[in-house]
Each structure stands twice: as structure tokens, then as C-alpha cells.
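Take a look at the letters that make up each chain.
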Amino acid sequence: MSSISVGVVMGSSSDWDTLQHAVQILQEFGIAHEAKVVSAHRMPDEMFAYAETAAARGLKAIIAGAGGAAHLPGMLASKTTVPVLGVPVASKHLQGVDSLHSIVQMPKGIPVATFAIGAAGAANAALFAVAMLAGSDAALQLKLQDFRRKQTEAARNMQLPPAPQ
Ligand SMILES: Nc1c(C(=O)O)ncn1[C@@H]1O[C@H](COP(=O)(O)O)[C@@H](O)[C@H]1O
């Protein structure tokens, strides 16, 4: 069994609609991963343990998504040197701008790579993790290039509806 290289964690099961887009990408690229709820606010002891054991377990990246007062990515980053990729989840009242600001405004010295709010951010966080792993994996690099090539092809083939008369 291959060891897990990317952890996907989220503050609540209600974040799954967003974070599933990261998991889909990791599945597509055949990256060994895990997905679980780990909340800095509601289960701080487990959050600390997750961060503290991440490097020893062989994780190369942690994708962490949360909404509102989204402290999870930053708190994980404070307890591990494994790169943390933060995904702001759209919140009910402030549409995720609160989540984005909570994740992106880290103090100097504890970086969190922060992505766009929502599904695109989740997918891009996973693609970024793939790119990190592809640096030392030639086969994965080829898969990533193929992904980009197909995406370019799909964009070139995009058709617009007829112009209104
Ligand atoms: N931001 C955090 C943290 C955290 O940062 O530790 N834990 C939960 N949450 C967020 O609370 C929102 C509402 O959660 P519920 O839907 O469970 O009430 C979620 O978007 C979650 O990420």
C-alpha cells in the first residue's frame, strides 16, 4: 500500500461540497490521499496531533479548507513545516470573504498558500499539490502536462451560441 502523500482536512462535514473538488483531482492523478474533518475550534487536540504527526506520516502537503473564522489552515501551519494549502469555503453571511481574509492574512514566518474561495480554489489547491509532487516524479509530470494540454484543447473548441438577432 502506498503511503498517503496529501491530507485533505476541513473544519466541518458541511465543507465537503467544496473540498470534494480537491479530492476529485487527487483521485484523477492517482495521488494517495486521505480526507477528514479536523476543526481547530471544535477539536483542537486532534488538530494539533494531525499537524504534529504529518511529516512523520510522510505527508507532502496538507490541503485545509474552512469557512468563516477559518483558523484551521493557519493553526495547522503553526504546528508543522509540511506545506499547508488553504481553501476558503464560502460562508453563509459573508460569502467566504471572511474565510479568505482569515486564511490569507498570516503573520510573517508562518505561510499558508491561499487559494480562491470555493470549488475552483479547492481544485487548484489539489493541482498545486500535484505540481509540487511532480517535481520529483517524472510520470506525474507527464500526467500534469497532459491535463493542461487537454484543457487547452477544450478551451480552443469552446463554441458560443449564435448572436441574438
Ligand atoms: N472555520 C472552522 C473551523 C476552524 O477553523 O477550526 N472549524 C469549523 N469551521 C467552520 O465553521 C463552518 C460552519 O460549520 P458547521 O456547518 O459545522 O456549523 C464551516 O465552514 C467550518 O469550516
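These numbers were taken from a predicted model, which means no experiment stands behind them. (Residues numbered from 1 in each chain as written. Predicted model: local features only at pLDDT ≥ 70, side-chain atom pairs only at ≥ 80, totals over all residues.)

A short note on the overall build of the protein
When helices and strands are tallied, the protein shows 6 helices and 5 strands. The order of helices and strands in the protein, counted from the N terminus, is β-α-β-α-β-α-β-α-β-α-α. Computed over C-alpha atoms, the radius of gyration of the protein comes to 17 Å, within 12% of the 15 Å expected from 2.2 N^0.38 for 165 residues, which places it in the range of a compact globule. Counting only C-alpha atoms and orienting by the principal axes, one finds that the protein spans roughly 60 × 40 × 30 Å. (Helix = DSSP H or I, 4+ residues; strand = E, 2+ residues; numbered from the N terminus. Rg over C-alpha atoms; globule rule 2.2 N^0.38 Å.)

Thoughts on the nonpolar core
Within soluble globular proteins, side chains that are nonpolar generally end up buried alongside one another. Ala-22, Ile-62, Ile-63, Leu-72, Leu-76 and Ala-126 are the most contacted members of the largest nonpolar core, which totals 44 residues. If sequence neighbours within four positions are ignored, Ile-62 has contacts with Gly-7, Val-9, Ala-54, Leu-76, Val-82, Val-84 and Leu-85. (Core = buried A, V, L, I, M, F, W, Y, C linked by C-beta atoms within 7 Å. Buried ≥ 20, exposed ≤ 12 C-beta atoms within 10 Å, placed from the backbone. Contact = placed C-beta atoms within 7 Å.)

Some remarks on the pairing of strand E3 (residues 61–67)
Of all 7 residues making up E3, 7 are buried, and the element is well covered by its neighbours. One ladder, built from 5 bridges, connects strand E1 (residues 6–10) with E3; its direction is parallel. Bridge pairing in E3 links Gly-7 to Ile-62. Bridge count for E3 against strand E4 (residues 84–89) is 6 bridges, and the pairing is parallel. (Pairing = 2+ DSSP bridges.)

Quick look at the UniProt feature "binding site: substrate" (unreviewed entry) in the protein
According to UniProt, the positions carrying the feature "binding site: substrate" (unreviewed entry) are Ser-12, Asp-15 and Arg-42. Spatial clustering of the annotated residues is evident: they stretch over 31 residues in sequence, but the largest pairwise C-alpha distance comes to 14.4 Å. The topology assignment puts Ser-12 in the loop between E1 and helix H1 (16–28). With sequence-adjacent residues up to four places away left out, Ser-12 is seen in contact with Val-37 and Ser-39. Along the chain, Arg-42 turns up in the loop between strand E2 (33–37) and helix H2 (44–54). (UniProt positions renumbered as here; feature names shortened; annotations may be inferred.)

Digging into the pairing of E2
Sheet topology places E1 next to E2; 5 bridges connect them, and they run parallel. When the bridges of E2 are listed, Met-10 appears paired with Val-37. With respect to chirality, the unit in which E1 leads through H1 into the neighbouring parallel E2 is right-handed. (Right-handed = clockwise from strand over helix to strand, strands pointing away.)

Focus: the site of the ligand
Near the ligand, the surroundings consist of 17 residues, among which Gly-11, Ser-12, Ser-14, Ala-40 and Gly-67 are the closest. For the shell around the ligand, a count of residues per class yields 7 nonpolar, 8 polar and 2 charged. (Near = placed C-beta within 6 Å. Nonpolar A, V, L, I, M, F, W, Y, C, P; charged D, E, K, R; others polar.)

Some thoughts on the sheet that holds strand E5 (residues 113–114)
The parallel open sheet is built from 5 strands, whose spatial order is E2-E1-E3-E4-E5. The open sheet terminates on both sides in strands that have one partner only, identified here as E2 and E5. Sheet contacts for H1: E1, E2, E3 and E4; angle to E1, the most-contacted strand, approximately 170°. Against the sheet, helix H5 (residues 119–134) engages E1, E3, E4 and E5, with an angle of about 170° to E4. (Axes fitted to C-alpha atoms, helices over the stretch in contact; angles between N-to-C directions.)

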